[in-house]
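These are the residues of each chain, in order.
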Amino acid sequence: MMTTKNTMPFLEVPGHATPYINGDIIPLPPSRRTWSKKVFVFFWFATAINIAEWSGASASLALGLTVPQAIIVNLTSTIIITAALVISGYGGGQWHVPFAVINRAPWGLRGSWFPLLNRVLLSCCWYGVQGWFGGQMTKVMIGAIWPSFYDMPNTFGPHAAMETNDFVAFIIFWLACLPLLLLKPESYRIPAIISAVLVLIAALAVFTWAFVKQGNGGPLFSNPETVYGIGNLQGSQLAWVMVRCINSGIGGWAGGILYQSDFSRYAVHPGDQVYGQIFSIPLCLLGSNILGIVTTSCARGFYPNEPLLWKLYDLLQAIQRNEAPVARAAVFFAAFAFFLSQLSVTVVACGVVGGMDLAALCPRYIDIRRGSLIIAVIGIAINPWKIMNTANSFISAISGYAVFLGPLTGIMFADYHLLRHRRIKLSHLFLPQTGSDYWFWHGLNWRAPIAWVLGVWASLPGFCASVTPASVMVSNAWVHVYYLSWPLSVCISALVWMILNTISPAPGIGEVDDNDVFGTFEEFRNPKDGEEKKEDRLSKSPTYITSFNP
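Residues numbered from 1 in each chain as written. Predicted model: local features only at pLDDT ≥ 70, side-chain atom pairs only at ≥ 80, totals over all residues. Heavy atoms only, no water.

Per an unreviewed UniProt entry, the chain carries the name NCS1 nucleoside transporter family and comes from Suillus placidus. We quote the UniProt Subcellular location (unreviewed entry) comment for the chain here in full: "Membrane". Regarding the chain, the relevant UniProt record gives this comment under Sequence similarities (unreviewed entry): "Belongs to the purine-cytosine permease (2.A.39) family." (UniProt positions renumbered as here; feature names shortened; annotations may be inferred.)

Next up, the structure:
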């Protein structure tokens, strides 16, 4: 984004970075593609079983759904999420570039900054939210060792939405994340495997204990209205609540759907990422949803005097309060397992992803490490503790931004799979001049903003009413459209995109490079031969590419 040369040379990223390219966003060479099928399976185990999935699914009970209805809702959203993840990850697995670079094809080299800014904003928000969850698990761990930590004098006011011990635990978790942000993404393989095993054991242990203690599915299994006093949902009212929860489930993954290429680019072979997506995501996502829903219902049965324990950290604290002192050890180890899971989610799925986006926005001065640290700092400023107050605000928060991300997804899917048939000219994605197929008009493809706006507008009235219900009133029809925001906006933007490109075709559709400019698709056994072939490739490459020596 910055074009002034040598203004701050001491801040520049090493390696001859330019305003459009650095070593973190170029197509990965074979030596850096180290994620096998097994690594992807364990990676999704480590990140899909987390507090947000456990708590988010359980929050649907607070809207009046029964346990079977909530399970149906989460099964539906899981199927849609899995399909979208597979579709989204193909580009990174095939061309070994991140989301930030793939989106230069539909948006243009400069126009792609817009979806990146959307993603950066979301990464900051989710870093704060996931960090808050991690802080709560830190609080449980400390409280299990020193119960007096729960009684720490509170120095915050009544409207702070947190107490002093909450903030102390949050800062401890935030500091624990910082060293991990300095690692390269390909280095997360072993930690992901360890975290996956421990969090799976902990989740099953908490669920099994709760189910055995209660002896059945709990009072929310068939009669949630006796707990909430909101009446039995029936007919269209029930249907729209279920649709809302399905969209909310997808909305929580709307950012994850977009960034699949950020991780699939590390696949040893194209398609390796699909195994983790198809096997781990449905199993872990639906599994953690069901475990959270049923455990919340059971806890309501054996702890009737406690508030509804749909947040896992609240449940663990209730166990320590109500069970024998020996339970403190079990509470600590369960909290520790989810603490590790939150480290994986916060660092990799929020910090590193946001760092990649910032590296693409300003590659001369920001690499993944610097970008991740910036995301971490901003993550505190969003006040995540405010978002976590109630079930309704939680659902609104995670689903609301899908209004803006759905159209981005529709454009990306339609452009890569339907329009270009998964063929892109890789070198032109880094070529900021009129000779690039993706330069369009001064770096912006005018078709993309039109498709995005038309995808967003239908959901805006309902979105505004959801965010500010006291000041914005709309009819139920607009609210119902908002409950369909993600799938509806994906379809509208994709359709508009194909129509615009049929009326006015973009240049270079279906074309690829004549030679392997970056050495991405071949592995040399003889290093000397590799250097000779690399020089041969670069001699045939655009001047702008040869100025960067990866």
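1. Some remarks on the nonpolar core
Counting residues in hydrophobic clusters, the biggest one holds 161 residues, and the most contacted among them are Met137 and Phe338. Each residue touching Met137, except ones within four places of it in the same chain, is listed here: Ile51, Leu312, Tyr313, Leu316, Ala335, Phe338 and Phe339. (Core = buried A, V, L, I, M, F, W, Y, C linked by side-chain atoms within 4.5 Å. Buried < 20%, exposed > 50% of the residue type's maximum accessible area, 1.4 Å probe, protein only. Contact = heavy atoms within 4.5 Å.)

2. Examining the packing of helix α7 (residues 164–177) against helix α15 (residues 327–361)
Running from amino to carboxyl end, α7 crosses α15 at an angle of 60°, the nearest separation of the two axes being 10 Å. The orientation of α7 relative to α15 falls into the category oblique. As α7 packs across α15, the resulting crossing turns out to be right-handed. Where α7 approaches α15, its residues Phe173, Ala176 and Cys177 are matched on the opposing element by Phe339, Gln342, Leu343, Thr346 and Val347. Across the contact of α7 with α15, the residue classes tally to six nonpolar, two polar and no charged. (Axes fitted to C-alpha atoms, helices over the stretch in contact; angles between N-to-C directions. Helix = DSSP H or I, 4+ residues; strand = E, 2+ residues; numbered from the N terminus. Parallel < 35°, antiparallel > 145°, perpendicular 65-115°, else oblique. Left-handed = near helix turned anticlockwise from the far one by under 90°. Nonpolar A, V, L, I, M, F, W, Y, C, P; charged D, E, K, R; others polar.)

3. A look at the pattern of salt bridges
Applying the stated criterion to the full structure yields eight salt bridges. In this structure, the salt-bridge partner of Asp262 is Arg119, at a minimum N-O distance of 3.0 Å. Placement of the pair is Asp262 in helix α12 (residues 260–264) and Arg119 in helix α6 (residues 113–145), with a sequence separation of 143 residues. Take Asp262: its relative accessible area is 0%, and that puts it in the buried class. Between Glu306 and Arg321 there is a salt bridge, and its shortest N-O distance comes to 2.9 Å. (Salt bridge = Lys/Arg side-chain N within 4 Å of Asp/Glu carboxyl O.)

4. Quick look at the packing of aromatic side chains
Taken as a whole and assessed by the stated rule, the structure comprises 34 aromatic pairs. Ring plane angle 85° and centroid distance 4.6 Å describe the contact between Phe302 and Tyr303, whose orientation is recorded as edge-to-face. Its relative accessible area of 15% is what places Phe302 among the buried residues. With a centroid separation of 6.4 Å and 25° between ring planes, the pair formed by Phe404 and Trp452 is classed as stacked. Taken together, the positions of Phe404 in helix α19 (residues 402–419) and Trp452 in helix α20 (residues 447–457) put the pair 48 residues apart, joining distant regions of the chain. You'll find Phe404 and Trp452 in the same group, each marked buried. Taken together through their ring pairs, the aromatic side chains of Trp35, Phe40, Phe43, Trp44, Trp253, Tyr259, Phe263 and Tyr266 make up a single cluster. Positioned over the ring face of Phe99 is Arg119, at 4.5 Å from the centre of the ring. (Phe/Tyr/Trp six-rings, centres within 6.5 Å; stacked < 30°, edge-to-face > 60°. Lys NZ or Arg CZ within 6 Å of the ring centre and 35° of its normal.)

5. Overview of the environment of Arg370
Among the structural elements, Arg370 can be located in helix α16 (residues 368–381). Take Arg370: its relative accessible area is 31%, and that puts it in the partly exposed class. For the pair Arg370 and Leu181, spaced 189 residues apart in sequence, the C-alpha to C-alpha distance is 8.8 Å. Contacts of Arg370, omitting those with residues within four sequence positions, involve Leu11, Glu12, Val13 and Tyr365.

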